[in-house]
Amino acid sequence: MVHGIGREERLLQEGDLLKLDIGMRFRGMVSDMARTVAVGSVSKEAEKLMKTTEAALLAGIETMRPGSTLAAYAQAVEGTVKQAGFSVVRDPRRSQRRQGTP
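Residues numbered from 1 in each chain as written. Predicted model: local features only at pLDDT ≥ 70, side-chain atom pairs only at ≥ 80, totals over all residues. Heavy atoms only, no water.

## A few points about the overall build of the chain
Consideration 1: Each helix and strand in the chain was counted, giving three helices and two strands.
Consideration 2: Of the regular secondary structure in the chain, the N- to C-terminal order runs β-β-α-α-α.
Consideration 3: Long-range contacts, defined here as pairs at least 24 residues apart, represent 38% of the contacts in the chain between residues at least 6 apart.
Consideration 4: Summed over its atoms, the accessible surface of the chain is roughly 8,400 Å², and 56% of this surface lies on carbon and sulfur atoms. (Helix = DSSP H or I, 4+ residues; strand = E, 2+ residues; numbered from the N terminus. Contact = heavy atoms within 4.5 Å. Areas by Shrake-Rupley, 256 points an atom, 1.4 Å probe, with all protein chains shown as cover.)

## Re a nonpolar patch on the surface
Consideration 1: A cluster of nonpolar side chains, L20, I22, M33 and V37, forms an exposed patch at the surface whose accessible area comes to about 290 Å².
Consideration 2: Residue assignment for the nonpolar patch shows that the elements contributing at least two residues are β1 (17-26) and β2 (29-38).
Consideration 3: Among the secondary structure elements, L20 is positioned in strand β1.
Consideration 4: Here L20 falls in the partly exposed class, since its relative accessible area comes to 34%. (Patch = residues over 30% accessible without salt bridge, like charges linked within 9 Å, V, L, I, M, F, W, Y side chains within 5 Å. Salt bridge = Lys/Arg side-chain N within 4 Å of Asp/Glu carboxyl O. Buried < 20%, exposed > 50% of the residue type's maximum accessible area, 1.4 Å probe, protein only.)

## Things to note about helix α2 (residues 70-83)
Consideration 1: Counted at 1.5 Å a residue, the expected span for α2 with its 14 residues is 20 Å, and the 20 Å between its end C-alpha atoms agrees.
Consideration 2: Among the residues making up α2, those that are buried are A76, V77, E78, T80 and V81.
Consideration 3: The elements touched by buried residues of α2 are α1 (44-63).
Consideration 4: Directly after α2, the chain includes G85, whose backbone phi takes a positive value near 95°. (Expected span 1.5 Å × (residues − 1).)

None of this, on its own, says anything about what the molecule does.
Rendered as structure tokens:
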């Protein structure tokens, strides 16, 4: 998940996935991007997750054209994620609690 809040005492470890979420405003323009990077060597499942999320983003982008809907985008993303054996987080607060974060 991108919008988790880190804890100061948590140090990065080999095999972690680090989520970077950067937003900025410059001369009236707004930018927002997120990227997941591997810390050292990661598990096969982590590699698969990273590849799947990128494929899901690209599948969603493919649906975007004049007249398309957000639902079409969401269906493309979720379909790609499910096909790879993962699921979409519906309530980020529940996911954070399961991971043990406040």
